Amino acid sequence: MTQITIFHNPDCGTSRNTLALIRHAGIEPQVVEYLKTPPSTAQIRELLAEMNMPVRELLREKGTPFAELGLADPKWTDDQLLDFVRQHPILMNRPVVRTPLGTRLCRPSEAVLELLPVAKLPPFTKEDGEVVQDNGVRRA
């Protein structure tokens with residue numbers, strides 16, 4: 001079976017829908033509840049490199065200490081921001097999914113479809129009732 005990893009927060013609807021979409025594809029991923037088992041700074045750097053994403057784009061503002069820590073201030077270096085994420089894993093936006101086809105922050109949840117190494121899936125209904133139609137397009 002193809003190895004897929006999701007950095008997941010079960011309290012997040014987008015994360016739950018993403019996990020459900022992966023399972024809808026018949027794949028049981030490795031689930032990393034990153035608030036309980038935070039990735040190391042090296043792992044976060046690796047994920048960011050795979051996504052070709054700057055640290056700031058991975059930061060979550062809502063429901064986190066982002067504002068109280070003043071993280072919008074451009075004075076913070078990438079290393080300092082990563083240190084904040086290490087200290088406060090809730091600052092890491094979710095879900096991040098890694099598959100053989102790539103790694104990405106899956107917001108909205110249906111963004112995971114392009115990463116799944118499977119044929120076009122039947123429609124999927126998200127928690128809120130929205131129906132997701134898979135166009136069958138995958139990363140090469």
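Just so you know, these numbers come straight off a predicted model, no measurement behind them. (Residues numbered from 1 in each chain as written. Predicted model: local features only at pLDDT ≥ 70, side-chain atom pairs only at ≥ 80, totals over all residues. Heavy atoms only, no water.)

Draft legend 1. Broad picture of the overall build of the protein chain. Helix and strand counts for the protein chain come out as 4 helices and 6 strands. Counted from the first residue to the last, the protein chain has its helices and strands arranged as β-α-β-α-α-α-β-β-β-β. A compact globule built from 140 residues would reach a C-alpha radius of gyration of about 14 Å, and the protein chain, at 15 Å, matches this within 12%. Taking the principal axes of the C-alpha coordinates as reference, the protein chain spans close to 45 × 30 × 25 Å. Going through the 140 residues of the protein chain one by one, you find that 44% of them count as buried. When contacts within the protein chain are restricted to residue pairs at least 6 apart in sequence, long-range pairs at least 24 apart make up 58% of them. Total accessible area on the protein chain stands at roughly 7300 Å², and carbon and sulfur atoms take up 50% of it. Charge centroids of the protein chain, computed over 17 positive and 18 negative side chains, lie 2 Å from each other. (Helix = DSSP H or I, 4+ residues; strand = E, 2+ residues; numbered from the N terminus. Rg over C-alpha atoms; globule rule 2.2 N^0.38 Å. Buried < 20%, exposed > 50% of the residue type's maximum accessible area, 1.4 Å probe, protein only. Contact = heavy atoms within 4.5 Å. Areas by Shrake-Rupley, 256 points an atom, 1.4 Å probe, with all protein chains shown as cover. Lys, Arg positive; Asp, Glu negative; His and termini not counted. Charge placed at Lys NZ, Arg CZ, Asp CG, Glu CD.)

Draft legend 2. Structural view of the packing of helix H2 (residues 41-51) against helix H4 (residues 78-87). The interhelical angle for the contact between H2 and H4, taken along N-to-C directions, is 120 degrees, at an axis separation of 10 Å. Here H2 is positioned oblique relative to H4, judged by the angle of their axes. For the pair H2 and H4, the crossing hand works out as right-handed. Note on element contacts: H4 touches H2 through Asp79, Leu82, Val85 and Arg86, opposite Thr41, Ile44, Arg45 and Leu48. Its residues assigned to classes, the contact of H2 with H4 shows 4 nonpolar, 1 polar and 3 charged. (Axes fitted to C-alpha atoms, helices over the stretch in contact; angles between N-to-C directions. Parallel < 35°, antiparallel > 145°, perpendicular 65-115°, else oblique. Left-handed = near helix turned anticlockwise from the far one by under 90°. Nonpolar A, V, L, I, M, F, W, Y, C, P; charged D, E, K, R; others polar.)

Draft legend 3. Geometry of H4. Along H4, the residues classified as buried are Leu81, Leu82, Phe84 and Val85. Buried residues of H4, viewed axially, fall in a sector of 155 degrees; they line one side. The secondary structure elements touched by the buried residues of H4 are H2 and helix H3 (55-58). (Arc of directions from axis to C-beta.)

Draft legend 4. The sheet that holds strand S2 (residues 30-33), seen in detail. Across the sheet, which stays open at both edges, the 4 strands sit in the order S2-S1-S3-S4 with mixed pairing between neighbours. What marks the edges here is a single partner per strand, and that holds for S2 and strand S4 (102-105). Across this sheet, the average inter-strand angle for adjacent strands is 15 degrees, counted without regard to direction. In terms of strand pairing, strand S1 (residues 5-8) meets strand S3 (residues 96-99) through 3 bridges, oriented antiparallel. Bridged to Thr5 within S3 is Arg98. On the sheet, helix H1 (residues 13-24) packs against S1, S2 and S3 and is oriented at approximately 160 degrees with respect to S1. (Pairing = 2+ DSSP bridges.)

Draft legend 5. Molecular detail of the pairing of S3. As judged from the 4 bridges shared by S3 and S4, these two strands associate in the antiparallel manner. By the bridge assignment for S4, Val96 is matched with Leu105. Turn length for the S3-S4 hairpin, with the two strands adjacent in sequence and antiparallel, is 2 residues.

Draft legend 6. Region of interest: the side chain of Asn9. Structurally, Asn9 is set in the loop between S1 and H1. The buried category is assigned to Asn9, whose relative accessible area is 4%. At 2.9 Å, the side chain of Asn9 forms a polar contact with the backbone nitrogen of Asp11. Apart from residues no more than four positions distant in its own chain, Asn9 is found in contact with Ser15, Tyr34, Leu35, Ile90 and Arg94. (Polar contact = N/O pair within 3.5 Å; in protein donor to acceptor, adjacent residues only side chain to side chain.)

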